[in-house]
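Below, each chain spelled out in residue letters.
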Amino acid sequence: MRDVAIVSFAQSNTAREDRNEVEILIPVVQEAVKRSGLPRGEIGFTCSGSSDFLQGQPFAFVMALDGVGAWPPVKESHVEMDGAWALYEAWVKIQTGEVDSALVYAFGKTSSGDVAEVQALQLDPYCVTPLWPDADSIAALQARLYLEGSARTERDLADVAVRSRRDAMDNPHAVASGATDAETLLAEPYRCSPLRDHDCPMTSDGATAMVIVAGDLATRLSERPVWIRGIDHRIDPPALGVRDLSRAPSAERAASRAGVLEAPVDFAEIDAPYTHQELILREAFGLSDGVRINPSGGSLCARTLMSSGLNRIGDAALRIARGEGDRALAHATQGPCLQQNLVCVLEGE
Amino acid sequence: MAIRCGVVGIGQTKYDAKRIDVSMPGLVREAALRALEDADLTFADVDAVVIGKAPDMFEGVMLPENYLADAVGASGKPLLRVHTAGSVGGSTAIVAMSLIQAGIHDRVLTLSWEKQSESNAMWGLTLSPPFSVAVVAGAGGYFAPLIRSYIQRSGAPEDVGIRTALKDRQNALKNPYAHLRIEGIDFDQIANSPMLWDPIRYLESCPSSDGACAMVVAREELALKAPRPPAWVLATAMRSEPNQFPGRDAVNPQAGQLAARDLYKQAGIGNPRREIDCAEIYVPFSWFEAMWMENLGFAALNEGWKMVYEGATALDGDLPVNMSGGVLSSNAIGASGMVRFAEAAMQVRRQAGEHQLDDVKIAMGHAYGGGSQYFALCLFGVEKP
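Reading guide: rules and limits
Residues numbered from 1 in each chain as written. Chains lettered and ligands numbered in written order. Predicted model: local features only at pLDDT ≥ 70, side-chain atom pairs only at ≥ 80, totals over all residues. Helix = DSSP H or I, 4+ residues; strand = E, 2+ residues; numbered from the N terminus. Rg over C-alpha atoms; globule rule 2.2 N^0.38 Å. Buried ≥ 20, exposed ≤ 12 C-beta atoms within 10 Å, placed from the backbone. Contact = placed C-beta atoms within 7 Å. Nonpolar A, V, L, I, M, F, W, Y, C, P; charged D, E, K, R; others polar. Domains from an automatic or database assignment. Expected span 1.5 Å × (residues − 1). Core = buried A, V, L, I, M, F, W, Y, C linked by C-beta atoms within 7 Å. Axes fitted to C-alpha atoms, helices over the stretch in contact; angles between N-to-C directions. Parallel < 35°, antiparallel > 145°, perpendicular 65-115°, else oblique. Left-handed = near helix turned anticlockwise from the far one by under 90°.

A. Focus on the overall build of chain A. Regarding its fold elements, chain A presents 13 helices and 12 strands. What you see for chain A is a C-alpha radius of gyration of 19 Å, in line with the 20 Å of a compact globule of 349 residues. Structurally, chain A occupies a C-alpha span of about 55 × 45 × 40 Å along its principal axes. Within the span of chain A, comprising 349 residues, buried residues form 63% of the whole. Contacts spanning at least 24 positions in sequence make up 78% of the contacts within chain A whose residues lie at least 6 apart.

B. How the structure looks around the interface of chain A and chain B. Contacts between the two partners involve 45 residues from chain A and, on the opposite side, 47 residues from chain B. No other element matches the 5 residues that helix 4 (residues 83–95) of chain A contributes to the side of chain A that touches chain B. Residues of the side of chain A that touches chain B, tallied by class, amount to 22 nonpolar, 12 polar and 11 charged.

C. Quick look at the domain arrangement of chain A. Residues and elements named next belong to chain A. Each domain of chain A was delimited in the assignment, giving domain 1 (4–114 + 203–221), domain 2 (115–199) and domain 3 (227–347). Taken together, the elements giving at least two residues each to the side of domain 2 that touches domain 3 come down to helix 6 (135–149) and helix 7 (154–168). Partitioned by chemical class, the residues of the side of domain 2 that touches domain 3 number 16 nonpolar, 7 polar and 6 charged.

D. View of helix 7 of chain A. Residues and elements named next belong to chain A. The end-to-end C-alpha separation of helix 7 is 21 Å, in line with the 21 Å expected for 15 residues at 1.5 Å each. Taken across its 15 residues, helix 7 has 11 buried, putting it largely inside the fold. When we look at burial in helix 7, the residues that qualify are Glu-154, Leu-157, Ala-158, Val-160, Ala-161, Val-162, Arg-163, Ser-164, Arg-165, Asp-167 and Ala-168.

E. Spatial organisation of unusual backbone geometry. For the bond running from A:Ser193 to A:Pro194, omega is 5 degrees, close enough to zero to count as cis. A cis geometry characterises the amide bond from B:Asp198 onward to B:Pro199, with omega recorded as 10 degrees. Checked against the element boundaries, B:Pro199 lands in the loop between strand 5 (195–197) and strand 6 (200–201). Although it is not a glycine, A:Asn294 sits at a positive phi angle of roughly 50 degrees. Note on placement: A:Asn294 falls in the loop between strand 10 (292–293) and helix 12 (298–301). Residue classification places A:Asn294 among the buried positions, given that 26 C-beta atoms sit within 10 Å. Positive phi outside glycine occurs at B:Asp359, with the angle close to 60 degrees. Mapped onto the elements, B:Asp359 comes out in the loop between helix 14 (333–348) and strand 10 (362–369). Residue classification places B:Asp359 among the exposed residues on the basis of 8 C-beta atoms within 10 Å.

F. Examining the nonpolar core more closely. The biggest cluster of nonpolar side chains holds 266 residues, and the ones touching the most others in it are A:Val104, A:Ile212, A:Leu346, B:Val28, B:Val72, B:Leu111 and B:Phe380. For this core, the element with the most residues is helix 14 of chain B, which contributes 10 residues. Non-local contacts of B:Val28, meaning those with residues more than four positions away in its chain, are made with B:Leu68, B:Ala71, B:Val72, B:Leu111, B:Trp113 and B:Ala212.

G. How the structure looks around the packing of helix 1 (residues 21–36) of chain A against helix 3 (residues 60–68) of chain A. All names here are of chain A. Between helix 1 and helix 3, the least distance of the axes is 9 Å, while the angle of their chain directions is 45 degrees. When the interaxial angle is binned, helix 1 and helix 3 end up oblique. Read as a crossing pair, helix 1 and helix 3 show a hand that is right-handed. Between helix 1 and helix 3, the residues in contact are Glu-21, Val-22, Leu-25, Ile-26 and Val-29 and Ala-60, Met-63, Ala-64, Gly-67 and Val-68, respectively.

Dropping the structure here:
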């Protein structure tokens, strides 16, 4: 495998944007390209992630490419997935030896509709979607199963929210943050039992972009490139009654294939939109209690659908680039109840 | 040097206006199982799955591959979903091939599908962005002006489109999977069919189909052990360009030209017309065959229509195009690009049945999408590159 590193990252997350998707995306892409030190024309491959269902019309990515710029024509692809999988496709492209660098971006404007309800359209279209279970209700089923099958309590969930919001105070891109305590949060009513508002993601509008490059180019462009030491993704069966929702076997498998267990990590950026999902994933990854989780505040404090997974990877990379850790786990998820998971291991020199 | 990759299994569903006999999982599984059977493999032999389809609105399911994970045997494995507009079937196959070429996996199942009967694709393709006026109805409304521009530039006789459609519709009669198989089709029937988007007539347009196409790709050692000869991947290329800007030539897009040039360079092809034996080209509206012949370098500028006129692209011509009947005969949108790749590979593997040509050594698969912006190309060969 070729050594591939993240050399730049940029992001934008806002609770509610007045700008359209392309307007949100362009400055983010420009910033990532500029920070990479690589002239735009020399980037070998472009790959993006987005969902037409957020924009409410087909070909969301076509308009985005017009804005990002593709002249003269570029080698380019798009996944209808979180941008983390666009990163994976770009990483594969570099592994073939055909290109040495890639621009990866993702965007989502969640505020255009009722995103929890829109996600009901992801479920079995014949038997489940007609019931219109929104995303929070589906997550609550999982939370209930998890709490009943473990020694964890609603207080543990609140503790995740308290820590995330406190850490998010240092992150200008978080849309929810602040000092609070578990007692205050637990006094609030349920949104969807056993989940309260603090257990659910603060959805946001935004975009992320990064530039990845191979081997020598990385050391030339960056003083401290962030190496992608391992990357893998897996999916679990879709039917909610088929798998044990209190576990995430695909996350376990991806982590093991990505090499997470080979050495301890200093911190982890986990794409857990709901508080209980952080606990499930933490167990799936076998992280010890000493490992710091989501120093950015995580997807709980800013969740831009289709880009929050790539955002976690970018946040982890930024932290390593700053020297605040040498080895990290970064994770992205997609689909109901942590159905699909991507894990990568990032390292500084 | 990337690892060599071969196509070892191909499966298609019967294309039809409404496959009400199967659900979405049933449809994709039909193609997947046929591809595995062709390769003498089971789902357990597959390391990863790469799925492609056009906009999710066509079925009304958001990111449907998550729901289809079990149907395509992907549970516990990596599953990728590609979406690059109409070219998606081609780009999906290319992503699957790159997983082999990069040495990440040994065998990958790739599949593209569309179940258009779940909705109405024509209106699904009629964009109505907020605060803007929707100016076209369906893909035909978008592409008709490009065809008119081509006719004006090239001075092509007005029946070029009809002749292309006649050829493809006659070819489709030899393809059991084709959606439109019109017995006794003739020139007058096409010429007299209703004009939908001048100069595109009803019978010069692709249908709306349900269908899926799957391929199993494998690395060299495993491809050599396959029960049937593999179609070797000689070269792949993808290029994209913006939808609109002043000076863009949407009739003969630069992205298509560059992709073709890149493809020929990789495969060491100097004279594509002579060295490539046949091609499956994405032709959703009849005139696009003539236009793409020029874009792909098979004909000189403004002379692509002559290939149609002289019968060069007929089954007995020097460069047969769309032996299967093409997109004009079956158009499960997301699958159509992969069908082009699969049909090209089938010619190389000599498994095209009644529409099999003699002596195919190199075959081209081509897909395009968006406003003639996205291109995905592949060359398959009998001989290992």
